[in-house]
Amino acid sequence: MRKVTILVAWLAVAGAILAAPLGASARFPELIALPDGFRPEGIAIGNGPTFYVGSIGTGAIYRGDLRTGEGAILNPGATGRAAIGVVFDDGKLFVAGGPTGKGFVYDARTGALLATHQLTTESDTFVNDVVVARGAAYFTDSRQPALYRVGTGENGGVTTIPLIGDIHYIAGNNANGIEATPNGKTLVIVQSNTGKVFRVEPASGETTEITLDETVVNGDGLLLDGRTLYVVQNRLNQVAVVRLDTRLASGEVVTHITDSDFDVPSTIDEFGNRLYAVNARFTTPSTPTTAYSLAQFRKVP
């Protein structure tokens, strides 16, 4: 019986290999090229190994395959758009619009622009990142002490939620990356200029500092994986790995991940035990021929 089981399993593996497209590799590329001059910032990984990356300058959306590294422009963007943070939810892409003060919603299959939300009319704004939790998208603003809530349904309106409590905005970039607990009842944000991390009550905007043993300055994109919080520290070319306690009251920075492929990483997303960082290259002048990429690395056990 054991021999039959092994034979069947071997045949299944062989069939899968034969069915794979020519040129496909079982080993996902460590470095994935993005279009030259694209100026990427945010990344979202959707169904299967499909990833989406947004362009700061035009709001364009690029879609690719983590297995092959190949991809193409899904939406070319337009004047007056920008794409900073990106999140995938239920076949849609929710995109933070940076200095436009807007949030955009795209069809992840066709690339069609489904909705444009004017989140704020403040002239000094930078809508930086977004997460979806409990039927709503929450956007951070690095210049204004508020979150913007947009319902994910067809008639989702905009609600401004002032941030109160422990967080205090100062000059520079403040609230940046945002994540949510699995039940969606608590949000987590990082304040880039102070290196502090906060939990946020979505309805009230009440912020409570999560006490860390060291600051995570230049904190950009976040990924919450169970009780492990990954914090991208862009210009430091590293990712801080924070172990949180069960109450999200405190945390310990257990290590910093560095990689020779990092070039000012901005945001990350996960696919299994793989993590993918966008090399935003903020310290490199952007030209039409400037190369950009995604860097693959692994989660900390």
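Computed from a prediction, not measured in an experiment: that's the story for all the values here. (Residues numbered from 1 in each chain as written. Predicted model: local features only at pLDDT ≥ 70, side-chain atom pairs only at ≥ 80, totals over all residues. Heavy atoms only, no water.)

Trainee: With reference to specific residues and values, describe unusual backbone geometry.
Mentor: For R39, which is not glycine, the phi dihedral falls at a positive 55°. As for its position among the elements, R39 is in the loop between β1 (31-34) and β2 (40-45). Overall, R39 belongs to the partly exposed group, its relative accessible area being 35%. The phi torsion at N218 lies on the positive side, around 65°, for a residue other than glycine. When you line up the elements, N218 lands in the loop between β18 (206-212) and β19 (219-225). Looking at N218, the relative accessible area reads 26%, which means it is partly exposed. (Helix = DSSP H or I, 4+ residues; strand = E, 2+ residues; numbered from the N terminus. Buried < 20%, exposed > 50% of the residue type's maximum accessible area, 1.4 Å probe, protein only.)

Trainee: Any chance you could break down the confidence of the model for the chain for me, citing the residues and the numbers?
Mentor: Atom-level detail of predicted coordinates should not be read off regions where pLDDT is low. Mean pLDDT for the chain: 92, with 91% of residues reaching 70 or above. Counted against residues more than four places away or in other chains, residues 1-25, with its pLDDT under 50, gives 1 contact. (pLDDT = per-residue confidence, 0-100. Contact = heavy atoms within 4.5 Å.)

Trainee: Which residues make up the packing of aromatic side chains, and what values do they have?
Mentor: If you walk through the whole model with that rule in mind, you get 5 aromatic pairs. Plain terms: the ring middles of F28 and F271 are 5.8 Å apart, the flat faces sit at 25° to each other, and that makes the pair stacked. You can see F28 sitting in the loop between α1 (2-19) and β1 and its partner F271 sitting in strand β23 (residues 265-271), a full 243 residues away along the chain. Judged by its relative accessible area of 12%, F28 is buried. Ring geometry for F262 and F297: centres 5.2 Å apart, planes at 85°, overall edge-to-face. Within this pair, whereas F262 is found in the loop between β22 (250-257) and β23, its partner F297 is found in strand β25 (residues 292-298), the two being separated by 35 residues in sequence. Relative accessible area serves as the criterion here: at 8%, F262 is assigned to the buried category. These aromatic residues form a ring-pair network of at least three members: F38, F51 and Y62. The residue whose ring lies beneath R274 is F28, and the NZ or CZ to ring-centre distance is 4.1 Å. (Phe/Tyr/Trp six-rings, centres within 6.5 Å; stacked < 30°, edge-to-face > 60°. Lys NZ or Arg CZ within 6 Å of the ring centre and 35° of its normal.)

Trainee: Which residues make up the sheet that holds strand β6 (residues 86-89), and what values go with them?
Mentor: Spatially, 4 strands are ordered β6-β7-β8-β9 in an open sheet, and the strand pairing comes out antiparallel. Sheet topology places β6 and β9 (113-118) at the edges, where each strand pairs with a single neighbour. Within the sheet, the average angular offset between the axes of one strand and its neighbour, ignoring direction, is 20°. For strand β8 (residues 102-107) and β9, the ladder comprises 5 bridges, and the chain directions are antiparallel. Opposite G103, over in β9, you have H117 as the bridge partner. (Pairing = 2+ DSSP bridges. Axes fitted to C-alpha atoms, helices over the stretch in contact; angles between N-to-C directions.)

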